Amino acid sequence: MKRASRRRVTFYLLLMTAGTIFGCGKSSFLDKKPDTRLVVPTTLNDFQTLLDNQYIMQETPELGELSADNFYTTYGVWQGLVVKEQNAYLWAQNIYDGIGQVPDWDIPYQQVFYANVVLDGLIGITPDETNQVQWNTVKGTALFLRAYAFHNLSQVFAPLYDSATAASDNGIPLRLTSDVNKPSNRATVQATYNQILTDLQEAVGLLPAAVPTNNLNRPSKPAALALLARVCLSMRAYNLAGTYANNCLQLYNTLMKYDTVRFGKTFPIYNSNPETLYQSVMYRSSGLFVGGGLRSNLIIDSTLYASYVPGDLRKNVYYRTSNGLAYLKGSYNGSSFCFTGLATDEIYLIHAECAARVGDKDAALNDLNNLLQHRWADSVAFNPVTAANASDALDSVLVERRKELAFRGLRWSDLRRLNKELAKDTIYHGLNGQVHRLSPGSLNYVLPIPPDVLNMNKGMSDNPRVIPN
Amino acid sequence: MGSTKRIAFLLLLACLQRSISVYCQSSEPKVTLSEKNSSLEKVLTAIRRQTGITFFGESSWAQVAHKVTIFVKDMPYTEALAICFKDQPLRYEMVDGAISIHVMKTKDYVLKGYVLNEKQEPVPGAAVISKGIGKASTALTDELGGFSIFLGKQDTSIVVSSVSYETKEIPYSGQTEIKVEVKAKIVELAEASVVGPAHTGYQEVPKDRATGSYSQVPNAVIERRVSTSIMDRLDGVTSSLIFNKNVVPGVNQSIVTIRGRSTILGNPDPLIVVDNFPYSGNINNINPEDIESVTVLKDAAAASIWGAFSGNGVIVMTTKKGKYSQAKKWSFTTSLTVGEKPNLYYQPILSSKDYIEVERFLYDSGFYNARINDPRFLPLSPAVEILSANNNVQYKLDSLAKIDTRRDMNKYYYQPSVSQLYDLNFSGGGKNDHYFVSAGYNKDVSSLVRNQYNRVTINGSNTWSIVPKKLELSTDISYVNSVGWNNNNATLNVSYPYMKLADASGDALAIASDFRLSFVDTVGEGKLLDWHYRPLDDLRNANHKIKVADLRLNMGLRYNIRDGFSANLYYQYQHGTLDEKNFQNQQTFYTRDLINSFARDDNGNYVWAVPMGGIMDKLFNRYDANNLRLQLNYDHVFSPDHKLNALAGCELRDVEGRVDNTRLYGITPATPNGVAVDNTTYFYQFYTGNVAQIPNSELHYGTSDRFLSFYANAAYTFRQRYIVSASARRDESNLFGVEANQKGVPLWSAGAAWELSKEGFYNVSWLPFLKLRVTYGYNGNVDRSVSAYTTAQLSGFQNDYGEYYSTITNPPNPSLRWEKIGTFNVGLDFASKNNRLTGTLEYFFKNGKDLIGQTIMDPTSGVVSFTGNAANMTAQGFDLTLHTLNLKGRLKWSNDWLISYAQDKVTRYAVTQPSVTGYFQVNSLNPLVGHPLYSVYALKWKGLDHNSGDPLGDIDGKADTTYSTIFNAPVSSLVYKGPANPPFFGSWRNTFNWKQFELSFNIIFKLGYYFRRNSIQYYALYNGASRGNADYELRWQKPGDELITNVPSRPVKANPNRDDFYENSEVLIEKGDHVRLQDIRLSYDLFRRSHSRLPVQAVRFYLYANNIGILWRANHRSIDPDYINSMPNPRTLALGCKLEF
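Residues numbered from 1 in each chain as written. Chains lettered and ligands numbered in written order. Predicted model: local features only at pLDDT ≥ 70, side-chain atom pairs only at ≥ 80, totals over all residues. Heavy atoms only, no water.

## Quick look at the overall build of chain A
Check the secondary structure of chain A and you find 20 helices and 13 strands. Each principal axis of the C-alpha atoms in chain A carries an extent, and together these give about 120 × 50 × 50 Å. Every one of the 469 residues in chain A was classed for burial, and the buried ones make up 60%. Look at the contacts in chain A between residues 6 or more apart in sequence, and 71% of them connect residues 24 or more apart. When the accessible area of chain A is evaluated, it comes to approximately 18200 Å², of which 53% is carbon and sulfur surface. Looking at charge distribution, chain A has the averaged site of its 43 positive side-chain charges lying 11 Å from that of its 40 negative ones. (Helix = DSSP H or I, 4+ residues; strand = E, 2+ residues; numbered from the N terminus. Buried < 20%, exposed > 50% of the residue type's maximum accessible area, 1.4 Å probe, protein only. Contact = heavy atoms within 4.5 Å. Areas by Shrake-Rupley, 256 points an atom, 1.4 Å probe, with all protein chains shown as cover. Lys, Arg positive; Asp, Glu negative; His and termini not counted. Charge placed at Lys NZ, Arg CZ, Asp CG, Glu CD.)

## Quick word on the sheet that holds strand 12 (residues 177-181) of chain B
All names here are of chain B. If you trace the three strands from one edge of the open sheet to the other, you get 9-6-12, paired in mixed fashion. Edge positions in the open sheet fall to strand 9 (146-151) and strand 12, since each of these has one partner strand only. On average, each strand axis in the sheet is inclined to that of its neighbour by 30°, with strand direction left out of account. Bridging between strand 6 (residues 109-116) and strand 9 involves six bridges; their strand directions are antiparallel. Across the sheet, Tyr109 pairs through a bridge with Leu151, a residue of strand 9. (Pairing = 2+ DSSP bridges. Axes fitted to C-alpha atoms, helices over the stretch in contact; angles between N-to-C directions.)

## As for the packing of helix 3 (residues 44-51) of chain A against helix 8 (residues 103-122) of chain A
All names here are of chain A. Put simply, helix 3 and helix 8 touch, their axes get as near as 10 Å, and they point 170° apart. With respect to each other, helix 3 and helix 8 are oriented roughly antiparallel. Remark: the crossing between helix 3 and helix 8 carries left-handed chirality. Along its contact with helix 3, which presents Leu44, Phe47, Leu50 and Leu51, the element helix 8 presents Tyr114, Val117, Val118, Gly121 and Leu122. (Parallel < 35°, antiparallel > 145°, perpendicular 65-115°, else oblique. Left-handed = near helix turned anticlockwise from the far one by under 90°.)

## What to know about the pairing of strand 54 (residues 1098-1113) of chain B
Walk down a regular strand and you will see the side chains alternate between the two sheet faces. Residue and element names in this part refer to chain B. Judged from the 13 bridges that link them, strand 53 (residues 1074-1087) and strand 54 form a sheet pairing that is antiparallel. Bridge pairing in strand 54 places Leu1086 opposite Val1099. Relative to strand 55 (residues 1132-1140), strand 54 is paired through nine bridges, and the arrangement is antiparallel. Within strand 55, the position partnered with Asn1106 by the bridge is Thr1132.

## What about the packing of aromatic side chains?
Scanning all chains against the criterion turns up 53 aromatic pairs over all chains. Both rings, one in Trp105(A) and one in Phe157(A), keep their centres 5.0 Å apart while their planes meet at 75°; by these two values the pair is edge-to-face. With Trp105(A) in helix 8 and Phe157(A) in helix 9 (residues 132-157), this pair connects stretches of sequence that are 52 residues apart. Owing to a relative accessible area of 0%, Phe157(A) belongs among the buried residues under this scheme. Grouped by ring-pair contacts, the aromatic residues Tyr258(A), Tyr305(A), Tyr308(A), Tyr318(A) and Tyr319(A) constitute a single cluster. When the ring centre of Tyr1032(B) is taken as reference, the NZ or CZ atom of Arg1035(B) above it lies at 4.0 Å. The ring of Phe361(B) has Arg1050(B) sitting right over it, with the charged end atom 3.6 Å from the ring centre. (Phe/Tyr/Trp six-rings, centres within 6.5 Å; stacked < 30°, edge-to-face > 60°. Lys NZ or Arg CZ within 6 Å of the ring centre and 35° of its normal.)

## Let's talk about the environment of Val1067(B)
Residues and elements named next belong to chain B. By the secondary structure assignment, Val1067 is in the loop between helix 17 (1056-1063) and strand 52 (1069-1071). Measuring from C-alpha to C-alpha, the distance between Val1067 and Val1047 comes to 9.3 Å, with 20 residues separating the pair along the chain. Not counting chain neighbours up to four residues away, the residues in contact with Val1067 comprise Trp941, Arg1013, Asn1046 and Tyr1062.

## A word on a nonpolar patch on the surface
Residue and element names in this part refer to chain B. Together, Leu887, Leu891, Trp994, Phe997, Leu999, Ile1080, Leu1082, Leu1103, Leu1133 and Leu1135 make up a nonpolar patch on the protein surface, roughly 830 Å² of accessible area in all. At the level of secondary structure, the elements contributing two or more residues to the nonpolar patch comprise strand 50 (997-1007), strand 53 and strand 55. Inspection of the secondary structure puts Leu1082 in strand 53. (Patch = residues over 30% accessible without salt bridge, like charges linked within 9 Å, V, L, I, M, F, W, Y side chains within 5 Å. Salt bridge = Lys/Arg side-chain N within 4 Å of Asp/Glu carboxyl O.)

## A few points about the sheet that holds strand 5 (residues 98-103) of chain B
Residue and element names in this part refer to chain B. Spatial strand order, 2-5-4: three strands in an open sheet with mixed pairing. In this open sheet, the two strands that pair with only one neighbour each are strand 2 (55-57) and strand 4 (90-95). For this sheet, the mean angle separating the axes of adjacent strands, direction not counted, is 30°. Note that strand 4 and strand 5 share six bridges and pair antiparallel.

## What to know about the packing of helix 7 (residues 352-364) of chain B against helix 10 (residues 393-401) of chain B
Residues and elements named next belong to chain B. The interhelical angle for the contact between helix 7 and helix 10, taken along N-to-C directions, is 140°, at an axis separation of 8 Å. Residues Ser352, Lys353, Ile356 and Arg360 of helix 7 lie in contact with helix 10, whose contacting residues are Val393, Gln394, Leu397, Leu400 and Ala401. Of the residues in the contact of helix 7 with helix 10, the class split is five nonpolar, two polar and two charged. (Nonpolar A, V, L, I, M, F, W, Y, C, P; charged D, E, K, R; others polar.)

## With respect to the pattern of salt bridges
All names here are of chain A. Under the definition given, this model contains 73 salt bridges over all chains. Between Arg146 and Asp199 there is a salt bridge, with the nearest N and O atoms lying 3.0 Å from each other. On the criterion of sequence distance, the pair formed by Arg146 in helix 9 and Asp199 in helix 10 (residues 189-206) is long-range, its members being 53 residues apart. In this structure Arg146 comes out as buried when scored by relative accessible area, which is 7%. Using a relative accessible area of 3% as the deciding quantity, one classes Asp199 as buried. For Lys420, the salt bridge is made with Asp162, and the minimal N-O distance between the two is 3.4 Å. Of this pair, Lys420 sits in the loop between helix 19 (411-418) and strand 12 (427-431) while Asp162 sits in the loop between helix 9 and strand 4 (170-173); the two residues are 258 residues apart in sequence, bridging distant segments of the chain.

## Details of the confidence of the model for chain A
Mean pLDDT over chain A: 88, with 91% of residues reaching 70 or higher. Low pLDDT, under 50, characterises residues 291-295 of chain A; the predicted model gives this stretch 18 contacts beyond four residues in sequence or across chains. (pLDDT = per-residue confidence, 0-100.)

## Here's the deal with helix 7 of chain B
Residue and element names in this part refer to chain B. Taking 1.5 Å as the rise per residue, helix 7 with 13 residues should run 18 Å; its terminal C-alpha atoms sit 18 Å apart, in good agreement. Where the residues of helix 7 are buried, they touch helix 9 (382-389), helix 10 and helix 16 (1018-1022). Of the residues one or two after helix 7, Gly366 is the one with positive phi, at around 85°. (Expected span 1.5 Å × (residues − 1).)

## Brief notes about the environment of Ala1105(B)
All names here are of chain B. Looking at where Ala1105 falls in the secondary structure, it is placed in strand 54. Taking the C-alpha atoms as reference, Ala1105 lies 39 Å from Phe920; in sequence the two are 185 residues apart. Residues contacting Ala1105, with those up to four places away along its chain left out, are Gln1078, Asp1079, Ile1080, Thr1132 and Leu1133.

## Examining the interface of chain B and chain A
Facing 67 residues of chain B, the contacting portion of chain A comprises 69 residues. Both sides of the chain B and chain A interface together cover about 6300 Å² of buried area, and 61% of this is carbon and sulfur. Taken together, the connections running from chain B to chain A amount to two salt bridges. Linking Glu803(B) and Arg218(A) is a salt bridge whose minimum nitrogen-to-oxygen distance equals 3.5 Å. Those elements that place two or more of their residues in the side of chain B that touches chain A are strand 27 (543-562), strand 31 (614-639), strand 32 (642-667), strand 35 (699-718), strand 36 (722-733), strand 39 (791-798) and strand 40 (804-810) of chain B. The element contributing the most residues to the side of chain B that touches chain A is strand 35 of chain B, with nine residues. Here strand 1 (residues 38-39) of chain A runs beside strand 39 of chain B; their pairing, made up of two bridges, is antiparallel. Bridge pairing in strand 39 of chain B links Val39(A) to Ala792(B). (Buried area = accessible area lost by both parts, 1.4 Å probe.)

## Concerning the nonpolar core
Membership of the largest hydrophobic core comes to 137 residues, with the highest contact counts inside it found for Leu63(A), Phe144(A), Phe157(A), Tyr258(A), Leu277(A) and Tyr319(A). Per element, the largest residue contribution to this core is 13 residues, and it comes from helix 9 of chain A. Residues in contact with Phe144(A), not counting those within four places in the same chain, are Leu200(A), Ala203(A), Leu207(A), Pro219(A), Ala223(A), Ala224(A), Leu227(A), Tyr278(A) and Leu342(A). Leu344(B), Tyr533(B), Tyr606(B) and Trp941(B) belong to the second-largest nonpolar core, a separate cluster that totals 73 residues. (Core = buried A, V, L, I, M, F, W, Y, C linked by side-chain atoms within 4.5 Å.)

## Describing the side chain of Ser396(A)
Here Ser396(A) shows up in helix 18 (residues 390-404). Look past the residues within four positions of Ser396(A) in its chain and what remains in contact with it is Leu368(A) and Val385(A).

Right under this line is the structure:
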């Protein structure tokens, strides 16, 4: 009997050990993270690290630049482009040939998704005095980035803002939640711009006033104002654009003397230069950059290249020549990739343009000459630009805008808007003995919605396109 | 269960016995009885009246006796007695003409004994069954071969049976102790094919109880090959296991595959178990000399005991152990392996002469002009320098053409490999303990100069029987320490094939790599560090060392509770570190180049952003693994007809890992720990003018793999020929961001086996053993990278602005499930008369559902594709293993055939690539529904253009050279050539024995697959990215050549699309089928029993030649399909000996 009971005791002891080991600690045992680097983003720091993912947040579309008139290319290089790049270059009616996964669409919407994850997450954090500043910065950044992405999309996939038709024109889908399963619908152009403006106005109130010295992937209040100026300009809301540009320059107005840049170097202007307000770059896997960057594939439009007069340092800073042809050297981010971010030179030009448009000739010329002086070689006498009237001044500002902001991803947007008012230009691309044209006001100024997006969202309407003449 | 059955059995025996005795006796008195429900006493009285035979007995017999009904006429009285005592709890004896009646007790005596084999070693696990009248008692022998069994007087003998030994019956005549010696069963078979029970890591499954599919590699086969790594020893000798060659990164391919592929993005590696637990360290740490046997668990019934780890099969390694009551044994093994230098001429690169011809052609076409005039001093090859200097060109080029870099490579980078192995072990055991201790040392001097691997392994295991037959404790400690030197990676930074690496006196020569030599000679006016690249100096200065240490502690407790119940408690702790240090001192090109690149010329004074001194890259990985298991076993033989074997348990597994990578700059004797550098600022690069940050390889993170599992498993054997088995298991893991109820997965299996040859109707005399097995069940797999919440991964690196950033790795996936692979297996085991032919044939079908795959999403959601349970795959195939004994007698000859077929097919996958290009990406996995996961696709080939020699593709049936259109064509224009991995593979091993000699050789074959061979790529050649391909000589040169060659012409301007089209076209697809003579082994044994003057018990000498060569291949280009892009493993020859004393 004794032995039997001892046996039973042993048995129960074993059972109890097992129970203790496997029962009690079970839930906490399995709660440990499989990798210390994994997070379910919930804290302000988590959100900041998402927004600091420059590799996702910094890229902007390329299709606009491909369809604009800053460069031309050879048949050989053109053949190496992917189908949509080839067709966008020729303004074909259908550019995708059924092939989806279009980065021009996908990347900005990925940025919107990141911003929405952060904005949705912020709802769960009630700020107090210890973290109010960080909370504001994170929210302002997310709003800025969402607006930046929406605006970039609208310049490619939505028609030009026209107050007469904006309430019925098809804009872009406005995704305002991180729920990936929600269907996408195109908002009107009016709603699109309303959203962009609302987000940015809110961001202006939240973002810090100082432009960061190093982290130029992080927006500041001047950057948000600069973006508001850019957005309003693209809407042809010139008064408002001028005001925002002015507000921005009040806070930050540094310009670089190009005499001080190292234009003997491959990339004369370095990343995070003092004119930069916010850093972004054109889609880096673009066919434009294959084979060592824009430098060798794309030939600068000869009229554009010729328009830089002696003494204008931009000719040597931006371009290099080989065998009599001009190629892009580097950009505002110290690389061969196109800088598409916000910088003070653009804001000066917006300010000047808007001044000229309201008839303030002197203010326009003042801004313009201030900028140009910074672009001039000390060794060559600088002759300030003069104008008989505001209209002449506007012409001069637009000419300099073209020259200053080439390959900044802005030309396509400018073409769309300027075609509506001043000289209506047809643009040409010659290829393999054939000339392709894009006439002003063409429906092809709005690029088609990617086929996979249309497939996934039955009922979404595509942008109307025509067979080019 | 009962008394009725027990009595029935007893009666059956009684009747038999009695009836036998009836026929032996003559002129027996006869009786006539007519009784209905009468008392036994009354009937016996009637018999006494008729025959005069009296009866007596214990007083109580009349009370316990049952009533009797008997109607007989003139029946011999003994038969009548048998009827009367039928079903009675009594037994009777004839004593001197009287009937003595006893009340039956269940059992009367205890018999204790031992079962030993011919070598007087204990035989554990043998069944001992009593034979006689009444209920059979049973017992199983313990570790020492001991047993104790209750017997009654009526028991006449005991029967001892065991899997590996012949059944033996010993008459019992009341003794209290007995020693039983049993004979090994299949004595005729060669040693190699004797297989013991299969080890699953949880239990031993004897072969006759198995329903599932196991491949076993016995010790003799493991010992056959000479190698440092245990995995090498399984190649070509393990059924259904294939070693994948030509594995490329980025496609989630494992080195070893069991029965084809059953996951896409999940973990593709089989689980490796050493003794009881998964092995957490690097499998190369295991000393093969310590491994006793290897079992591969293949189907659901075999592997599902490992649940969610078993989806890719399980390889269970069992280490050597001592045995109870075993004399002390010493064993010493040593071998020396010498290998040839690898064949540098295997890859057909462009000859120096042709390479220079190409360069001259390009030079003449102005190809190098931009480069020559580039202000960045881009490097030029010596030939181009000669051409541009334009001085005595022909003479200089001719002398250059005579140089072949491979000659210098062969001289300075390669050497014959030498590998030494020493292993000493001793084992033994007393009545209450046994032990095994071993020490091993390996020293492998690589065929790459300055590379070496040294390994020390120490292993000790002990088992104590603390309370004999009740409580057993076993402990195991093993420690591995290895040091590897990885100083030589045999790569040069340049592509031209005619560089000299050393001058006549062996001093390293400089070659142009990043800059032109003329620039490097003068740059910095002596203020910069020497900027020359001298490959040979780099080899001499390299200091790259990898230290690995691994400690494994095991503890096991076994407690026999009672009546076949026992409990096991196992615990294992494993701790491993990998300490890798790559020190690139200031003399190495990498360090000098980096320092110079970041130098800034401040008016003639150089400012260094990268400090002077060496650069140290440290990689430190460590892990700690804890495993704990509690298991209850039930083993019982109810009777020869009913056996039950069951276990249930729970286990806990926790592997905590840590990775710390650091880089230190400026290491000098004065600053051994380096100096801080600015990793965030963008510095201008010297001369190129690019900006860059100082490279930073800081990476720090921890991992944690935790599992909690519950399992149960049972097998029931009926009448020794019907077996059913079942298992169930639930695994839970710390899947991240998943609700607790989704952290686990339940998996189950069921199986049945039928030993046909034991049936009465079976009378195929030439095939005396035939067993049919069938199983079905689920294996599982985990992909721990997916999660149900929005999860982000923090980068180990900083962004351009010096901030750590994170990436959303997964959008929320609330319906996430674990991968499940349904597996059906049917097998046939057979053995011919005298085991001349034994083997197994199995067919399997696997159906993987809910596999983790990619799904396309509306990109507007911000997520282009989504990783979830979105893919299905199937796989099917068969395994045939055959062992034939072709010759017996003085010369023995046996064959081992392993033939496997396994082919998988993707049956559902949500993402189809937008164009054919997606299926030619080398380093990404893009499955296509309807084809194997790894497939070879190609583009249609329409020959070469008559006028230009351009390769012609197919657009709408017409020959065309618009390559961009061809690449952008829809997937339907893809040509599927076949699987990229051999579906058909196996080996054929021949073994000859004559006297003490044994000769064996192994032939391996791989069939039914395709590969893409290399050919000339002009764009890469022109731009210095490739050394070209000797196919260049066969190129199209003039119209008409298109009839005799498929190699495109040499274009003036290379077009990468043209190269890509040719590279991916049908003409470069080759059949991979080949047959290889893997190895030959010759051994000679000497024993003291035949050579009394031998100082040791036994000695074996052996000679082993490996990687002998290809016997047949389908391709006609001398390509070894196992080595498409690399050099084949050189032949090696090993000489070894094994001493036993």
